[in-house]
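Single-letter residue listing:
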Amino acid sequence: MSHVTEAAVREALGTIIDPDLRKDIVTLGFVRDLAINEGDVSFRIVLTTPACPVKEEMESQAREIVSGLDGVINVNVTMDAEVPQGRGIKNNIAIPGVRNIIAVSSGKGGVGKSTVAVNLAVALAADGAKVGIMDADVYGPNVPLMLGTGYDQPDVIDGQLKPIEAHGIKMISMAVLVPPDKPMILRGPMLHGVVRQFLTDVNWGELDYLVVDMPPGTGDVQLSLAQLVPVQGAILVTTPQEVSLSDVRRAIKMFEQVNIPVLGVVENMSYFIAPDTGTKYEIFGKGGGQKLADEYSLNLLGQVPLGMEVREGGDNGIPVVISAPDSPQAAAFRSTAEEVARHVSIEAMKPELVIMSRAN
Ligand SMILES: Nc1ncnc2c1ncn2[C@@H]1O[C@H](COP(=O)(O)OP(=O)(O)OP(=O)(O)O)[C@@H](O)[C@H]1O
Ligand SMILES: [Mg+2]
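Since this is a predicted model, take the numbers as computed values, not measurements.

Caption draft 1: Seen up close, the overall build of the protein chain. Within the protein chain one finds 11 helices and 15 strands. A globule of 360 residues ought to have a C-alpha radius of gyration of about 21 Å, and the protein chain, at 22 Å, matches this closely. Seen through its principal axes, the protein chain has C-alpha atoms that stretch 75 × 55 × 35 Å. A total of 360 residues make up the protein chain; the buried ones form 52% of that total. A separation of at least 24 residues holds for 73% of the contacts in the protein chain among residues at least 6 apart in sequence. When the accessible surface of the protein chain is totalled, it reaches about 15800 Å², and 50% of it is carbon and sulfur. In the protein chain, 29 side chains carry a positive charge and 44 a negative one; their mean positions are 6 Å apart.

Caption draft 2: A look at the side chain of Thr336. Mapping Thr336 onto the fold places it in helix 11 (residues 328-349). Overall, Thr336 belongs to the buried group, its relative accessible area being 1%. Among the polar contacts listed, one links the side chain of Thr336 to the backbone oxygen of Ala332, at a separation of 2.6 Å. Discounting chain neighbours no more than four positions away, the residues touching Thr336 are Leu120, Val266, Leu301, Gly302 and Val304.

Caption draft 3: Focus on empty space enclosed by the protein. For the coordinates displayed, the defined rule picks out 2 cavities of 30 Å³ or more. As for the largest cavity, its lining consists of Asp18, Asp20, Leu21, Leu47, Thr48, Thr49, Cys52, Pro53, Val54, Arg342, Ser345 and Ile346. Among the elements that make up the lining of the largest cavity, the one with the highest residue count is helix 11 (3 residues). Counted by class, the lining of the largest cavity contains 6 nonpolar, 3 polar and 3 charged residues. Domain assignment of the residues forming the lining of the largest cavity places at least three in each of domain 1 (6-82) and domain 2 (87-349). Quantified by volume, the second largest cavity comes out at close to 40 Å³. Around the second largest cavity, the lining residues are Thr115, Val118, Asn119, Met146, Val310, Gly313, Gly314, Pro319 and Val320. Secondary-structure elements contributing two or more residues to the lining of the second largest cavity are helix 3 (113-126) and helix 9 (308-316).

Caption draft 4: Layout of the domain arrangement of the protein chain. Splitting the protein chain by domain gives domain 1 (6-82) and domain 2 (87-349). Centre-to-centre, using C-alpha coordinates, domain 1 lies 34 Å away from domain 2. The interface of domain 1 with domain 2 comprises 8 residues on the first partner and 12 residues on the second. For the pair domain 1 and domain 2, the summed buried surface comes to about 900 Å²; carbon and sulfur atoms form 65% of the total. Of all residues in domain 1, the largest losses of buried area upon contact with domain 2 belong to Asp20, Pro50 and Ala51, amounting jointly to 48% of the total for that side. Remark: the boundary between domain 1 and domain 2 carries 1 salt bridge.

Caption draft 5: Main features of helix 3. A rise of 1.5 Å per residue sets the reference length of helix 3, with its 14 residues, at 20 Å; its end C-alpha atoms lie 20 Å apart and thus fit the reference within 8%. Across the 14 residues that make up helix 3, a large majority, 13, are buried. In the stretch just after helix 3, Gly128 is the one whose phi turns positive, near 110°.

Conventions and cut-offs
- Residues numbered from 1 in each chain as written.
- Chains lettered and ligands numbered in written order.
- Predicted model: local features only at pLDDT ≥ 70, side-chain atom pairs only at ≥ 80, totals over all residues.
- Heavy atoms only, no water.
- Helix = DSSP H or I, 4+ residues; strand = E, 2+ residues; numbered from the N terminus.
- Rg over C-alpha atoms; globule rule 2.2 N^0.38 Å.
- Buried < 20%, exposed > 50% of the residue type's maximum accessible area, 1.4 Å probe, protein only.
- Contact = heavy atoms within 4.5 Å.
- Areas by Shrake-Rupley, 256 points an atom, 1.4 Å probe, with all protein chains shown as cover.
- Lys, Arg positive; Asp, Glu negative; His and termini not counted.
- Charge placed at Lys NZ, Arg CZ, Asp CG, Glu CD.
- Polar contact = N/O pair within 3.5 Å; in protein donor to acceptor, adjacent residues only side chain to side chain.
- 1 Å grid on protein atoms, 1.4 Å probe; cavity = no way out; pocket = protein on both sides within 12 Å on 5 of 7 lines; lining within 4 Å.
- Points joined across faces, edges and corners; volume = space filled by probe spheres on them.
- Nonpolar A, V, L, I, M, F, W, Y, C, P; charged D, E, K, R; others polar.
- Domains from an automatic or database assignment.
- Buried area = accessible area lost by both parts, 1.4 Å probe.
- Salt bridge = Lys/Arg side-chain N within 4 Å of Asp/Glu carboxyl O.
- Expected span 1.5 Å × (residues − 1).

Shown next, in the form of structure tokens:
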């Protein structure tokens, strides 16, 4: 029996198409460390995010295709990920080590922005990504509460703030610069100063994703932040009802103005399922997120149901993704996180699909 060749394995793997990047995984440079030892074939598939929704599918597809080749006895596939550097970052203030910055924004307050930001960050980390969260809500920074870290000042090491760590992610909050009982009134130059400090004086280390919890609304403060923070993409959080949606429309315009791509919409508090009867109640209306997504050709990244566990998780400092991983809310946050990671990869790979293909 003849042994399989590298060329044959590459050709076979070249039939696997990445559904988002619409190229085959060999051309994309995802296949690495291909080694053949008689009938044993091993290789790594390096995806653009550890939170890839089609990871398992791609792995079994690769295994199956290569197993089917003449002369192959064993196939050893290792799935891996290298998150590409977002392109928005290159032309802006660089944050060393941070690959992608995702802003979580909303047209109005109280729709669950911080809840989404925190659970998204924790879910991405659980998938194996290196994640940080920056609480940029100058009006009511409450990420420390939601992560249970309290409002202690972070350590300063070699003149840089050391992020506080909790639930597998790193966190810095505006609240560490100003006590929570003294709301910040920041305008123009002062805000710029504080945000600049956030961007340059924090030692994040290596991060695949930095999630930024933005202040609610679309005023000057939000606009300044959007201009200052080198954001790769924005996520807009909304509830399903019409009033909330009109605010989101303003937020879309704001990001358009500063050239930040909107990765999509997360509809929060989408519905409530009564735990005793299983009846579904659409408390804030129905289909708003989808309508908005259709109207602006945006992606509906996820729909998160209402649930006591979510609020409790927020109040107790243990995000629902960790405190109640089996709840429908946690599942919704996890799938939203995967969708977000997907679209960040698509954005990052857009201009230069060839970058990765040099590798092998
Ligand atoms: N899906 C949900 N189910 C139940 N409670 C939720 C859900 N999402 C958010 N909440 C709760 O609603 C409240 C507001 O959420 P959150 O603080 O995340 O909103 P926000 O948009 O960040 O508000 P702000 O504009 O004040 O920053 C919190 O008490 C939170 O726990
Ligand atoms: Mg908030």
